[in-house]
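Listed here are the chains, written in short residue letters.
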Amino acid sequence: MTETKDYILQVKNLAVSFETFFGEVEAVRDISFDLKRGSKLAIVGESGCGKSVTANSIVQLLPKPPVVYKGGEILFNGENLLDYDNKQMMDIRGNKISMVFQDPMTSLNPTMKVGKQITEGVRRHENLSEDEAKKLAIEMLDLVAVPQPERRAQQYPHEFSGGMRQRVMIALAMAAKPELLIADEPTTALDVTVQAQILDLMKKLNKEMGTSIILITHDLGVVADMAEEVIVMYAGQILEKGSVHDIFKDPKHPYTRKLLAAVPKINMERSEVLHSIEGTPPDLYKPPKGCSFYDRCPNAMVICEDHMPDLQSHGGIHCSRCWLNHKDYPQGGKQVEGE
Ligand SMILES: Nc1ncnc2c1ncn2[C@@H]1O[C@H](COP(=O)(O)OP(=O)(O)OP(=O)(O)O)[C@@H](O)[C@H]1O
Ligand SMILES: [Mg+2]
């Protein structure tokens with residue numbers, strides 16, 4: 001039985017909105033998930049489904065206002081980060097929790113040599129002498145497979161290629177030996193070979209340093225190899241959650257199946273077409289009353305239009321939010337009793 005102390009992170013009923021001039025955008029709507037210490041979780045879903053808002057809520061990088069936390073808890077080692085003040089959060093960020101973004105330039109300082117940036121990051125959090133910090137910066141560059149780390153440490157970010165810059169950012173993120181690394185689309189802008197190298201690197205860091213990882217991606221293709229558990233998000237909600245095996249071998253939600261059908265396969269014939277998902281996600285200014293996938297769902301039923309199902313367990317951590325698999329709606333297509 002897993003106990004609370006085995007979880008590095010527990011997100012409970014988190015709801016996050018943007019209060020804008022035009023009204024409230026319900027970007028994250030009541031999501032819950034747990035991350036076991038030392039494990040790897042992937043969050044997948046199309047653009048705009050709330051992946052980054054979820055990640056940035058954990059590290060509290062969203063400006064308040066317009067962001068409002070409508071409810072829920074983000075327990076990191078059992079403490080609710082939503083109760084932390086700025087100073088406490090600064091201590092957590094880059095120390096216990098590091099983030100890697102799609103664009104490395106958002107975290108790198110263009111006017112500072114990369115070795116120095118890594119060193120500064122470390123010295124802020126640990127009492128190292130200048131020499132020790134320098135040595136660590138070179139070790140970190142070496143660990144992320146930057147060739148000639150002593151020489152490279154003396155260069156500026158613009159002297160690095162995109163892939164190398166991403167490695168520097170991971171070195172920077174890892175230098176403080178965080179307990180949790182959140183990578184938000186870290187490889188989307190990179191070519192496939194570099195992408196594979198960066199993902200391997202993250203796996204190595206997880207294995208060698210025990211760092212827990214949350215990987216955010218809209219590409220289910222990279223997930224099977226990278227994570228143990230997967231969350232499928234849509235329109236600010238979790239539609240399905242499970243182990244990699246559950247999601248890839250026994251997907252329960254039509255949206256997950258559509259996402260899987262959109263992943264290119266290695267042995268794919270040229271004549272086979274990739275099935276992109278028709279239509280667009282709903283507007284989160286006014287989220288639909290019923291199932292948020294109703295408009296695009298090939299299996300939509302009468303009940304789906306006006307009634308949002310809750311998450312149903314399929315055993316273990318596997319659960320999905322769909323009337324097709326709902327205990328109150330066993331035959332799908334027939335009305336719920338009393339409706
Ligand atoms: N500053 C903002 N003001 C209003 N709405 C916002 C703001 N930032 C994000 N949103 C809304 O919040 C929702 C979730 O956005 P989020 O950035 O988390 O999506 P995402 O899943 O990370 O997408 P992507 O794959 O494109 O990065 C979207 O509907 C978006 O329009
Ligand atoms: Mg995003």
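Provided above is the structure to which this section pertains.
An account of the accompanying structure is given in this report.

**Re the site of ligand 1**
With respect to spatial proximity, 14 residues lie near ligand 1, and among them S47, G48, K51, S52 and V53 are the closest. Within the contact set of ligand 1, an oxygen atom lies 3.1 Å away from a backbone nitrogen or oxygen of G50. Burial of ligand 1 by the protein chains amounts to 64% of its free accessible area of 640 Å². Elements with a minimum of two residues in the shell around ligand 1: β1 (7–20), β2 (23–36) and α1 (51–58). The element that contributes the greatest number of residues to the shell around ligand 1 is α1, accounting for 3 residues. Considering only residue class, the shell around ligand 1 consists of 6 nonpolar, 5 polar and 3 charged.

**What to know about the nonpolar core**
Core analysis: the biggest nonpolar cluster contains 61 residues, and L141, I170, M202, V223, Y255 and F293 have the highest contact counts within it. The element that contributes the greatest number of residues to this core is helix α6 (residues 162–175), accounting for 8 residues. In contact with I170, other than residues within four places in its own chain, are V100, V144, I198, L201, M202 and L205.

**Points about the packing of aromatic side chains**
Going through the model one piece at a time under the given rule, you end up with 4 aromatic pairs. Here Y234 and F293 contribute two aromatic rings whose centre-to-centre distance is 5.2 Å and whose plane-to-plane angle is 85 degrees, an arrangement assigned as edge-to-face. A residue pair is termed long-range when its members are at least 10 positions apart, and Y234 in strand β9 (residues 229–234) and F293 in the loop between α10 (254–261) and α11 (302–306) qualify at 59 residues. Comparing Y234 with F293, the two get one shared label, buried. Over the ring of F160 we find R152; its NZ or CZ atom is 4.3 Å from the centre of that ring.

**Some details on the pattern of salt bridges**
Applying the stated criterion to the full structure yields 13 salt bridges. Residues K5 and D6 are paired through a salt bridge, measuring 3.7 Å at the closest nitrogen-oxygen approach. A salt bridge links D250 to K252, with the shortest nitrogen-to-oxygen separation between them at 3.4 Å. Overall, D250 belongs to the partly exposed group, its relative accessible area being 34%. Sharing partners across several salt bridges, the network here consists of E19, E24 and K70.

**Some words on the layout of surface pockets**
In this model, the largest pocket occupies a volume close to 640 Å³. Surrounding the largest pocket, 24 residues form its lining, R93, G94, S107, R124 and L172 being those nearest its centre. Elements with a minimum of two residues in the lining of the largest pocket: α2 (86–92), β6 (97–100), α3 (114–125) and α6. Sort the elements by how many residues they give to the lining of the largest pocket and α3 lands first, with 6 residues.

**A word on unusual backbone geometry**
For the peptide bond that leads from K64 to P65, omega is -15 degrees, which places it in the cis range. Here the bond from P65 into P66 is cis, since omega is 10 degrees, no more than 30 degrees from zero. Residue placement: P66 occurs in the loop between α1 and β4 (67–76).

**Things to note about helix α4 (residues 130–143)**
Because each turn of an α-helix spans 3.6 residues, side chains separated by three or four positions in sequence point in the same direction. Helix length check: α4 (14 residues) gives 20 Å between terminal C-alpha atoms against 20 Å at 1.5 Å per residue, within 8%. All of the buried residues in α4 are A133, L136, A137, M140 and L141. What you see down the axis of α4 is that its buried residues fit within an arc of 135 degrees, all on one side. α4 presents D131 and K135 as exposed residues on the side facing more than 90 degrees away from its buried surface. Buried residues along α4 sit against α3, α5 (149–152), α6 and α7 (192–209). In the segment just after α4, A145 is the residue with positive phi, at about 60 degrees.

**Some words on the sheet that holds strand β12 (residues 319–320)**
The strand order across the open sheet built from 8 strands is β6-β7-β8-β3-β9-β10-β12-β11, with neighbouring strands paired in mixed fashion. Looking at strand neighbours, the two that pair on one side only are β6 and β11 (312–313), the edges of this open sheet. Two elements, strand β7 (residues 180–184) and strand β8 (residues 212–217), share 5 bridges in a ladder whose sense is parallel. Looking at the pairing, A183 lines up with L215 of β8. Strands β6 and β7 of the sheet are contacted by α6, whose axis makes an angle of about 170 degrees with β6. Set on the sheet, α10 makes contact with β3 (40–44), β9 and β10 (237–243); between it and β9 the angle comes to about 105 degrees.

Conventions used here
Residues numbered from 1 in each chain as written. Chains lettered and ligands numbered in written order. Predicted model: local features only at pLDDT ≥ 70, side-chain atom pairs only at ≥ 80, totals over all residues. Heavy atoms only, no water. Near = heavy atom within 4 Å. Polar contact = N/O pair within 3.5 Å; in protein donor to acceptor, adjacent residues only side chain to side chain. Areas by Shrake-Rupley, 256 points an atom, 1.4 Å probe, with all protein chains shown as cover. Helix = DSSP H or I, 4+ residues; strand = E, 2+ residues; numbered from the N terminus. Nonpolar A, V, L, I, M, F, W, Y, C, P; charged D, E, K, R; others polar. Core = buried A, V, L, I, M, F, W, Y, C linked by side-chain atoms within 4.5 Å. Buried < 20%, exposed > 50% of the residue type's maximum accessible area, 1.4 Å probe, protein only. Contact = heavy atoms within 4.5 Å. Phe/Tyr/Trp six-rings, centres within 6.5 Å; stacked < 30°, edge-to-face > 60°. Lys NZ or Arg CZ within 6 Å of the ring centre and 35° of its normal. Salt bridge = Lys/Arg side-chain N within 4 Å of Asp/Glu carboxyl O. 1 Å grid on protein atoms, 1.4 Å probe; cavity = no way out; pocket = protein on both sides within 12 Å on 5 of 7 lines; lining within 4 Å. Points joined across faces, edges and corners; volume = space filled by probe spheres on them. Expected span 1.5 Å × (residues − 1). Arc of directions from axis to C-beta. Pairing = 2+ DSSP bridges. Axes fitted to C-alpha atoms, helices over the stretch in contact; angles between N-to-C directions.

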